[in-house]
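Each chain, letter by letter, is given below.
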Amino acid sequence: MNVMPDDARYLKRKVKGGSIDVHPTEKALIVNYELEAMILGELGEPMIGERKECQKVIRVRSLNANTDIAALAREIVDKCKLIHPTKLPEVEQLLYYLQNRKDNAPPGKGKIYFIHSKV
């Protein structure tokens, strides 16, 4: 179906949160989510739609043995709208895992970094 610019009236965008995992090698969380974009016609009927699986990488370079995991988890959930507040205990558990995981990454500067990518 070809959609002419005059036919398209509205763009509807929906973001659906997904799972949260730890990065395999870095001190980072990976937030998986689905992005759905739909062009709606004059009467609100869907004309064209597209879904993409995406990931957001949240690097927590400041994480060390003295980090307040609960406070860091709250900060991440507050700043990242893709993570629902009910996932706070899961974020804490993943951060605790990262805190205790043995890795060779150099310590960071104490900031949280957000990176988006499409799968």
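This text goes with the structure placed above it.
My aim in this report is to walk through the structure given alongside it, one point at a time. As the structure is a prediction and not an experimental result, all values here were calculated from the model. (Residues numbered from 1 in each chain as written. Predicted model: local features only at pLDDT ≥ 70, side-chain atom pairs only at ≥ 80, totals over all residues. Heavy atoms only, no water.)

Under the counting rule described, the total for this entry stands at 6 salt bridges. The partner of Lys 87 in a salt bridge is Glu 90, and the shortest N-O contact between them spans 3.8 Å. By relative accessible area, Glu 90 is classed as partly exposed at 31%. Each of Glu 34, Glu 36 and Arg 51 takes part in a single network of salt bridges with overlapping partners. (Salt bridge = Lys/Arg side-chain N within 4 Å of Asp/Glu carboxyl O. Buried < 20%, exposed > 50% of the residue type's maximum accessible area, 1.4 Å probe, protein only.)

Among the nonpolar cores identified, the biggest contains 20 residues, and Leu 29, Ile 58, Val 60, Ile 76, Ile 83, Val 91 and Leu 95 are the most heavily contacted of them. Broken down by secondary-structure element, the contributors of at least two residues to this core are β2 (28-40), β3 (46-60), α1 (69-79) and α2 (88-100). At 5 residues, α1 tops the list of elements feeding residues into this core. The contact partners of Leu 95, leaving out residues within four places of it in the chain, are Leu 29, Val 60, Leu 63, Ile 69, Leu 72, Ala 73 and Ile 76. (Core = buried A, V, L, I, M, F, W, Y, C linked by side-chain atoms within 4.5 Å. Helix = DSSP H or I, 4+ residues; strand = E, 2+ residues; numbered from the N terminus. Contact = heavy atoms within 4.5 Å.)

Our focus in this paragraph is the environment of Ile 76. Considering the arrangement of structural elements, one finds Ile 76 in helix α1. Under the relative-accessibility criterion, Ile 76 is labelled buried at 0%. Separated by 16 residues in sequence, Ile 76 and Val 60 place their C-alpha atoms 9.3 Å apart.

Purely geometric stuff here, so don't read any function into it on its own.
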